[in-house]
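# Summary of structural features
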Amino acid sequence: MPPFLYIFLGALAIVSALGVIVQRNPIHSLLALIATLMTVAVLFIGEDAVVVGFLQIIVYAGAIMVLFLFVIWLLNLQVETGPTGHLALKLFGSLTAALLATELFFILAPPHLQVKFTHEPVGYGSLASLAGKLFTDYLVAFEVTSVLLLAAVVGSVALARRLPGTDDPRAARKTAS
Amino acid sequence: MQTLIQNLIASGAFGKNPPRDLVAAIVVFVMSLVVFLAIALPFAGIVTWVERRVWARIQSRVGPNRVGPQGFLQWLADGVKIVCKEDIVPDEADARLFKLAPFLVMLAFTLPWAVMPFSSSLILADLNVGILYMTAVTALTVVGVLMAGWASNNKWSLIGGVRSAAQIVSYEIPAGLSIFPVVLMTGTLSMQGIIRGQGWAPQHWFLFANPFTFVAANILYMSSLAEANRTPFDLPEAESELVAGFATEYSGWRYACFSMAEWGNLFIIGAIITTLFLGGWQFPHVTNNVVAMNVLELITFSVKVLFLVFLSMWIRATLPRVRIDQLMTACWKYFVPISFVNMIGTAVWVAIWPDGNVAMGYIMFAGAIALGAIFIQRVIYYLRRSQMEVYLNPTI
C-alpha cells in the first residue's frame, strides 16, 4: 500500500472516529462508527491481512452494528440538545484523557516501535497462515475464548427464557433463582 | 486480468513506457464499467419484465405485452418513466442519510460483480478470498436498508428496516455456514479455484458430492432468498402490511436504485450457488480455440444462473409469505443446526475420502433425477384431476 494512501485512510479513520463522539444524534454516531470500522478494514486489506479485513466487514459492519442499533432503539436514546454531565465528571474525564495521551506518547516514542513500511513475507495474512497460527500457537486462547462465548450465549438464553405458563420473563427469573 | 493488463502494455497500446499503475487503474475502471453497464444494469431491468411475464403466466394472467415484441421493452419504458419522476425528500426526514442510503444499497449490489466468474478467463479479479469477499460486500446491504428505514422518519419504513435487519443478520449465519462444506472440499476460497474443483458432468458437481452438500446447497438458496428479501421471505416490504417497507418514502431514481439492486441480486444469488454447487462455467473441452471455449463457458454459466433466477420467480409466484415468527424459527431452530451438521458431516466425509467419492456422485445424481420425475408426475396428475384448461402457449 502506498504511504499516501495509508495516511489518507488513517486520517479518514480518525475523522470518523471523532465523529462517533462529536455527533449529538446516536444514530449518526453509530454510522460514524461503521465508517471507522470500514476504513480500518480497508487498511487491513491494504496491509495484506485480507482475511481479517473481510471478516471485520462481515462481523462488525454486518452483525455487531445491527445489534448496537437495536440497543439504541430499545433504550430509546434521544438527540442530545445541550451540554450534559457534572463539572467534576468533565474535569475527571479531561484529566484521564490527558493521562492516556501522555502514556501513549511515552510508549510509542521509542524509535524501535515507530511505524515502518516493510514488505511482509509471501502468504502473510492468508487464510492458511491465519488458521495455522490459531490452531497451533494460540490454540488454548482460541478454545478458551470459544468456551467463554458459549457460556455467554447460554447465560443470555437462561435470562431471557420463559417458563411454561408465565408470560413475564421476570417472573421466570424469580422462580429460577 | 493482470495478464490482460501486461499484454496491453506490452502491445504498446498506451505508448512506450506508460505509467503502469495508471494504465492498470484505467483498464480496471473501463472493464468495471463494461461489466456494470452491459451486464448488471440490463439484467436487472430485463429480469423485471421476465418476472412479470412468468408470474402472470403462472397465475393465468397475461402480463405486460404491449411495449415492443411480447412487451420486451417494458423495462426500458418503466426505467425512463421512473427516472423522470420527481425526487422527493420528506421534510421530516434526515435528508443527508435519506439521500445516501440508495447509494449504499447500490454499492452492495455492484461490488460482487468484481469476482463474478463468467468463464475461465472472464473474471475481473480472481481474489484468493473470493467467496469471503462476496459474503462481506453483500452484508453491506443491511447498513443501507437500515439507514433508509430510519432516515425516512416513517413508522412503516422503520418497521421494514428493522425487519430487514433482523432477517439479514439471522440468515447470514446459515448462508455462511453452508459455504464451508465446499471450502472444506476444495481447500480454497477463490471462485475459480472452487469451480476448477468440479467437473462439467453433474455427478462431479459439489451439489451431488455427498448428502451434506446437497442439503447445504438448498439451505444456501433459501437463506439467500431471505437475505435478498424475496417472497416468501419479503416481510421487510410486505406491500399488504407496510406499503413498501423501507422504501416507502422513496420516489424517482432513488427508488429505482432499491428495486434494481433487489432484482439484480437474483443474478448474484444464482451466481454464488452456480459457482459453489453447480459446477460454474465447466464445459467439456470440445475445441482448442480459447475464445470459442470462453463463449461456451459463458453460456453454460448464464444458463445455470438464469435457471436459478427462474426458480426464484416460480417460488415467488407460488408460495405465500411466511410470518415473522416462522421466519425466525426456520432460521435458528432448523437452518443453523442443520448447517452445523452439514459442516461436520462434510469434514468427516473429506477425512474418509480425501479425493471424493465418485460412486456417491452417480447415486445422488440418479436420486435427483428420480425426484424430478416424481415431481413432474405429480404435477401432471393434479393437472388432469383438476380438469382445468391449460394453455401452454407462453406468448399470448
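Residues numbered from 1 in each chain as written. Chains lettered and ligands numbered in written order. Predicted model: local features only at pLDDT ≥ 70, side-chain atom pairs only at ≥ 80, totals over all residues. Heavy atoms only, no water.

### Focus on the packing of aromatic side chains
Residue and element names in this part refer to chain B.
- The final tally for this structure, using the stated rule, is 22 aromatic pairs over all chains.
- Ring geometry for Tyr171 and Phe335: centres 6.0 Å apart, planes at 80°, overall edge-to-face. A residue pair is termed long-range when its members are at least 10 positions apart, and Tyr171 in helix 7 (residues 155–186) and Phe335 in helix 13 (residues 324–352) qualify at 164 residues.
- Aromatic side chains Phe208 and Phe214 sit 6.3 Å apart centroid to centroid with 20° between the ring planes, which places their arrangement in the stacked category. (Phe/Tyr/Trp six-rings, centres within 6.5 Å; stacked < 30°, edge-to-face > 60°. Helix = DSSP H or I, 4+ residues; strand = E, 2+ residues; numbered from the N terminus.)

### Topic: the pattern of salt bridges
Residue and element names in this part refer to chain B.
- With the rule as written, the count across this model stands at six salt bridges over all chains.
- The salt bridge involving Arg323 is made with Asp325; its shortest N-O contact spans 2.9 Å.
- Judged by its relative accessible area of 48%, Arg323 is partly exposed.
- What you see here is one network of salt bridges that share partners, running through Glu51, Arg230 and Arg316. (Salt bridge = Lys/Arg side-chain N within 4 Å of Asp/Glu carboxyl O. Buried < 20%, exposed > 50% of the residue type's maximum accessible area, 1.4 Å probe, protein only.)

### Looking at the confidence of the model for chain B
- Taken residue by residue, chain B gives an average pLDDT of 83. The fraction at 70 or more is 93%.
- In the model output, the complex is listed with pTM 0.83 alongside ipTM 0.74. (pLDDT = per-residue confidence, 0-100.)

### Observations concerning the nonpolar core
Residues and elements named next belong to chain B.
- One finds Trp113, Leu276 and Phe277 to be the most contacted residues of the largest nonpolar core, which totals 108 residues.
- When residues of this core are assigned to their parent elements, the largest contribution, 13 residues, is made by helix 11 (residues 252–277).
- The residues touching Leu276, leaving out its near neighbours within four places in the chain, are Ile131, Ile179, Val182, Ile194, Gln198, Phe206 and Leu220. (Core = buried A, V, L, I, M, F, W, Y, C linked by side-chain atoms within 4.5 Å. Contact = heavy atoms within 4.5 Å.)

### A closer look at the environment of Val15(A)
- Looking at the element boundaries, Val15(A) is found in helix 1 (residues 3–22).
- Spatially, the C-alpha atoms of Val15(A) and Val42(A) are 15 Å apart, while their sequence positions differ by 27 residues.

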